[in-house]
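Here is what each chain is made of, one letter per residue.
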There are 2 protein chains.
Amino acid sequence: METETEIFKKYLNKKNLKFTHERQSILKEIFLTHNHFDIESLYERLKTKGKNISRATIYRTIPLLIESNLINKAIRYKDRIYYEHIYGHKSHSHFICINCGKIIEFENDEKDKIIKRIKRKYNFKIVESKLIIRGYCKNCLKKEKK
Amino acid sequence: METETEIFKKYLNKKNLKFTHERQSILKEIFLTHNHFDIESLYERLKTKGKNISRATIYRTIPLLIESNLINKAIRYKDRIYYEHIYGHKSHSHFICINCGKIIEFENDEKDKIIKRIKRKYNFKIVESKLIIRGYCKNCLKKEKK
DNA sequence: ATTGCAATTGATATTCATTCTCATTATAGC
DNA sequence: GCTATAATGAGAATGAATATCAATTGCAAT
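Keep in mind it's a predicted model, so treat the numbers as computed, not measured. (Residues numbered from 1 in each chain as written. Chains lettered and ligands numbered in written order. Predicted model: local features only at pLDDT ≥ 70, side-chain atom pairs only at ≥ 80, totals over all residues. Heavy atoms only, no water.)

(A) Here's a closer look at the protein's contact with DNA strand C. Taken together, 20 residues lie around DNA strand C, and A:Thr20, A:Arg23, A:Thr57, A:Arg60 and B:Tyr59 are the ones closest in. The sugar-phosphate backbone supplies 75% of the atoms of DNA strand C found within 4 Å of the protein. In the model, a phosphate oxygen of DNA strand C is placed 2.7 Å from a nitrogen or oxygen of the A:Lys18 main chain. The contact in question runs from a base oxygen of DNA strand C to an N or O atom on the side chain of B:Lys18, over 2.8 Å. (Near = heavy atom within 4 Å. Polar contact = N/O pair within 3.5 Å; in protein donor to acceptor, adjacent residues only side chain to side chain.)

Shown next as structure tokens:
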């Protein structure tokens, strides 16, 4: 299995783009954990480590990582977009708790069946599909009852 | 079957809110057509008819209509949220063409099954769920080939 | 190594949907 | 009609995302 770096480099090369220090740091930081992340917290994490990479550069790098099929938009919550790794991860869907922001992933093979059927029926070219559930998680329901 | 107005009035009453002229005009305009709509175009439509209702008022009314179960967020496209009627409409999902913005609805009973299963498994309280497909519609694919 | 040049970056300004503020006005029950 | 409370409009504020542009960097060719 190729490393994320190899994949990203390959993609950049193909597009005549450069593997800069900034892009390297961003990539590394993203794949350091397995968590969902948003731009602002990624910016802060990099800052903590002495990497003063501007928000603009992060905003510019994210679409490249998406194009490389390394990450993807996972879910939107409180006006922020949360991203996730997709490289090496099985397709899944998301539940998000409106109260605490907790994201739970669940497997969901039926979704792919639906997508295939729709594709055949309407002759679409599908770029992405998402099943998202919003509500309250077990913990937040418990707290509410008190 | 109750009219939209009756439902909205009932809801407002319950919450000690008032059925103002503005709210009445907004409700009427929304249910005049069956199309998906966004705030800006709704604002323009009202203006055309001599109803100079401020954007703020529209933005304030939309959540009330959602709470009344009359409309719902359907899909997000180019940083705008598109709403749709739900009162009297069968549950369905959406495909949106990234190129031309065309929205196509499709029936989708499997989704409800998935949702029920997830609900049982994780003890969530589900507030909303959405299956969204993004891609290119038949027409836009044809044009591309030329 | 050096050069040339397109790509990249950071700082900052800008955009644009949405929300907030607050003084003025309207609604609904009495 | 009176009164309490909610609603409105205008414009300011917010905040994520994008655009601008001068200075810098990466890298292929020399």
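(B) A look at the relation of the copies chain B and chain A. Each copy of the sequence occupies a distinct position, and chain B is placed on chain A by a rotation of 180° and an axial shift of 0.0 Å, giving an RMSD of 0.0 Å. Taken together, the rotation and translation relating the two chain copies correspond to the operation of a two-fold axis. Among all residues of chain B, the one whose C-alpha sits closest to the rotation axis is B:Leu131, at a distance of 2.1 Å. Most of the interface of chain B is mirrored in chain A, where 100% of its interface residues again form contacts. (Least-squares fit on C-alpha atoms with pLDDT ≥ 70 in both. Contact = heavy atoms within 4.5 Å.)

(C) Quick look at the sheet that holds strand 4 (residues 103–106) of chain B. Read across the open sheet, the six strands follow the order 4(A)-3(A)-5(A)-5(B)-3(B)-4(B); overall the sheet is mixed. In this open sheet, the two strands that pair with only one neighbour each are strand 4 (103–106) of chain A together with strand 4 of chain B. Adjacent strand axes in the sheet meet at a mean angle of 25°, parallel and antiparallel pairs treated alike. As judged from the 11 bridges shared by strand 5 (residues 125–136) of chain A and strand 5 (residues 125–136) of chain B, these two strands associate in the antiparallel manner. Among the inter-strand pairings, A:Leu131 is bridged to a residue of strand 5 of chain B, identified as B:Leu131. (Pairing = 2+ DSSP bridges. Helix = DSSP H or I, 4+ residues; strand = E, 2+ residues; numbered from the N terminus. Axes fitted to C-alpha atoms, helices over the stretch in contact; angles between N-to-C directions.)

(D) Molecular detail of the packing of aromatic side chains. Summed over the entire model, instances satisfying the criterion amount to eight aromatic pairs over all chains. Joined through ring pairs, the aromatic side chains of A:Phe95, B:Tyr122 and B:Phe124 make up one cluster. The ring of A:Tyr43 carries A:Arg55 above its face, with NZ or CZ at 4.0 Å from the centroid. (Phe/Tyr/Trp six-rings, centres within 6.5 Å; stacked < 30°, edge-to-face > 60°. Lys NZ or Arg CZ within 6 Å of the ring centre and 35° of its normal.)

(E) Examining the interface of chain B and chain A more closely. Contacts between the two partners involve 32 residues from chain B and, on the opposite side, 32 residues from chain A. Of the roughly 2800 Å² buried between chain B and chain A on both sides combined, carbon and sulfur atoms contribute 65%. Sorting the residues of chain B by area buried against chain A places B:Ile114, B:Phe124 and B:Lys125 first, and these three jointly supply 19% of that buried surface. For the pair chain B and chain A, the interface holds four salt bridges. Across the pair A:Glu128 and B:Arg134 runs a salt bridge whose closest N-O atoms are separated by 3.2 Å. Examining the composition of the side of chain B that touches chain A, we find that 12 residues originate from one element, strand 5 of chain B, more than from any other. (Buried area = accessible area lost by both parts, 1.4 Å probe. Salt bridge = Lys/Arg side-chain N within 4 Å of Asp/Glu carboxyl O.)

(F) Representation of the nonpolar core within the structure. By size, the foremost hydrophobic cluster in this structure holds 24 residues, and its most contacted members are A:Phe95, A:Phe106, B:Phe95 and B:Phe106. Contributing elements (two or more residues each) for this core: strand 3 (93–97), strand 4, helix 5 (109–122) and strand 5 of chain A together with strand 3 (93–97), strand 4, helix 5 (109–122) and strand 5 of chain B. In this structure, B:Phe106 is in contact with A:Ile114, A:Ile118, A:Tyr122, B:His92, B:Ser93, B:His94, B:Phe95, B:Leu131 and B:Ile133, ignoring residues within four places of it in sequence. (Core = buried A, V, L, I, M, F, W, Y, C linked by side-chain atoms within 4.5 Å. Buried < 20%, exposed > 50% of the residue type's maximum accessible area, 1.4 Å probe, protein only.)

(G) The protein's contact with DNA strand D, seen in detail. Taken together, 20 residues surround DNA strand D, and among them A:Tyr59, B:Thr20, B:Arg23, B:Thr57 and B:Arg60 come closest. Of everything in DNA strand D that lies within 4 Å of the protein, sugar and phosphate atoms constitute 72%. Within the side chain of B:Thr20, a nitrogen or oxygen atom sits 2.7 Å from a phosphate oxygen of DNA strand D. For DNA strand D, a sugar or linking oxygen lies 3.5 Å from a polar atom in the side chain of B:Glu22. Contributions of two or more residues to the surface near DNA strand D are made by helix 4 (55–67) and strand 2 (80–85) of chain A together with helix 2 (21–30) and helix 4 (55–67) of chain B. Considering every element that reaches the surface near DNA strand D, the biggest residue donor is helix 4 of chain A, with three residues. Taken together, the residues of the surface near DNA strand D break down into six nonpolar, six polar and eight charged. (Nonpolar A, V, L, I, M, F, W, Y, C, P; charged D, E, K, R; others polar.)

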